[in-house]
Amino acid sequence: DAKTTQPPSMDCAEGRAANLPCNHSTISGNEYVYWYRQIHSQGPQYIIHGLKNNETNEMASLIITEDRKSSTLILPHATLRDTAVYYCIVRVVETSGSRLTFGEGTQLTVNP
Amino acid sequence: DGGITQSPKYLFRKEGQNVTLSCEQNLNHDAMYWYRQDPGQGLRLIYYSQIVNDFQKGDIAEGYSVSREKKESFPLTVTSAQKNPTAFYLCASRPQLGVSVQPQHFGDGTRLSIL
């Protein structure tokens, strides 16, 4: 399994871009990078995923380095409601199914 | 609305009792999952099921049991053999289209406490 490393916490000012890094240096060629977030006492919310190209949706952008050993989730204009734990996950595919391995994530605090 | 419903939101158990957590989805997803989350930690996989009447153990299956008699339902039983059951339990589902990159979707969880 490819392991991910994220900083335990980050702060961001409201209205500014939040850039959350993730290292996954042992990722293999067919593994995708997924990002989820979890607001306190709620279930995780899917944000975005990618393989090797940069991706953008209505919530965020995902930038993956050319060697795929790291990625950055970008929230372009952070709001107070974006305060949450953000998980970077590399998807493990097994013959009988697939699973997500969650680490400890990054606590993002958006300050007014 | 389509989604995943977990009930109850809070559950209390006396020591030595079994307790069952409910998870229902109306998304027509094939695969369903149970995770456990302890305070300040990430999620750990308990059991998962790719199809009705079939399921596999995850990383921490000891002391838990599941069933998958219907596509939309995947209940989790926390047995008396689970010595430290106090945790936040999350159910997830996802379309199973062969080797798929579709993301998992989560319910809002059940918080289990021991009296």
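For the structure, see preceding data.
Just so we're clear, the structure is a prediction, and the values are computed from it rather than from any experiment.

Reading the values: the criteria
Residues numbered from 1 in each chain as written. Chains lettered and ligands numbered in written order. Predicted model: local features only at pLDDT ≥ 70, side-chain atom pairs only at ≥ 80, totals over all residues. Heavy atoms only, no water. Core = buried A, V, L, I, M, F, W, Y, C linked by side-chain atoms within 4.5 Å. Buried < 20%, exposed > 50% of the residue type's maximum accessible area, 1.4 Å probe, protein only. Helix = DSSP H or I, 4+ residues; strand = E, 2+ residues; numbered from the N terminus. Disulfide = S-S within 2.5 Å. 1 Å grid on protein atoms, 1.4 Å probe; cavity = no way out; pocket = protein on both sides within 12 Å on 5 of 7 lines; lining within 4 Å. Points joined across faces, edges and corners; volume = space filled by probe spheres on them. Nonpolar A, V, L, I, M, F, W, Y, C, P; charged D, E, K, R; others polar. Patch = residues over 30% accessible without salt bridge, like charges linked within 9 Å, V, L, I, M, F, W, Y side chains within 5 Å. Areas by Shrake-Rupley, 256 points an atom, 1.4 Å probe, with all protein chains shown as cover. Salt bridge = Lys/Arg side-chain N within 4 Å of Asp/Glu carboxyl O. Contact = heavy atoms within 4.5 Å. Buried area = accessible area lost by both parts, 1.4 Å probe. Polar contact = N/O pair within 3.5 Å; in protein donor to acceptor, adjacent residues only side chain to side chain.

**Student:** Can you tell me about the nonpolar core, naming the residues and giving the values?
**Tutor:** With 21 residues, the main nonpolar core has W35, L73, Y86 and L108 of chain A as its most contacted residues. Of all the secondary structure elements, the ones that give two or more residues to this core are β2 (18-23), β3 (33-38), β4 (45-50), β6 (61-64), β7 (70-75), β8 (84-94) and β10 (106-111) of chain A. By residue number, the principal contributor to this core is β8 of chain A, which donates four residues. The next biggest cluster of nonpolar side chains, apart from the first, holds 20 residues, and it includes L21, V66, V78 and L112 of chain B.

**Student:** So what about the state of the cysteines? Which residues, and what values?
**Tutor:** For the structure shown, the criterion picks out two disulfides over all chains. Sulfur-sulfur distance for the disulfide between C22 of chain A and C88 of chain A comes to 2.1 Å. Because the sign of the S-S torsion sets the handedness, a value of about -80° for the bond joining C22 of chain A and C88 of chain A places this disulfide among the left-handed ones. One end of the pair, C22 of chain A, is in strand β2; the other, C88 of chain A, is in strand β8, and 66 residues separate them in sequence. There is no split in this pair, since C22 of chain A and C88 of chain A are both buried. Between the sulfur of C23 of chain B and that of C91 of chain B lies a disulfide, 1.9 Å long from S to S. The chirality of the disulfide connecting C23 of chain B with C91 of chain B is left-handed, given an S-S dihedral of about -75°.

**Student:** I'd like a rundown of the layout of surface pockets, residues and numbers included.
**Tutor:** Counted as a void, the largest pocket has a volume near 450 Å³. Taken together, 23 residues line the largest pocket, and the ones lying closest to its centre are Q38 and H40 of chain A together with Q37, P39 and G40 of chain B. Within the residue set of the lining of the largest pocket, elements represented by two or more residues are β8 of chain A together with β9 (87-94) and β11 (110-114) of chain B. A breakdown of the residues in the lining of the largest pocket according to their chemical character gives nine nonpolar, 11 polar and three charged.

**Student:** Now, about a nonpolar patch on the surface: what can you tell me, with residues and values included?
**Tutor:** Judged by side-chain polarity, Y10, F12 and L115 of chain B come together as a nonpolar surface patch covering roughly 390 Å² of accessible area. Following the sequence through the fold, Y10 of chain B ends up in strand β2 (residues 10-13).

**Student:** How would you summarise the environment of F88 of chain B if you had to cite specific residues and measurements?
**Tutor:** If you trace the backbone, F88 of chain B turns up in strand β9. Here F88 of chain B falls in the buried class, since its relative accessible area comes to 6%. Those residues within four positions of F88 of chain B in sequence are excluded, and the remaining contacts are Q38, S41 and Q42 of chain A together with Y35, R36, Q37, D108, G109, T110 and R111 of chain B.

**Student:** Which residues make up the interface of chain A and chain B, and what values do they have?
**Tutor:** The interface is formed by 21 residues belonging to chain A together with 26 residues belonging to chain B. Here chain A meets chain B over a buried area of about 1,800 Å², counting both sides, of which 49% is carbon and sulfur. Counting every contact that joins chain A to chain B gives zero salt bridges. The interface formed by chain A and chain B holds four residue pairs in polar contact (both at pLDDT 80 or more) in total. Mapped by element, the contributors of at least two residues to the side of chain A that touches chain B are β3, β4, β8 and β9 (97-100) of chain A.

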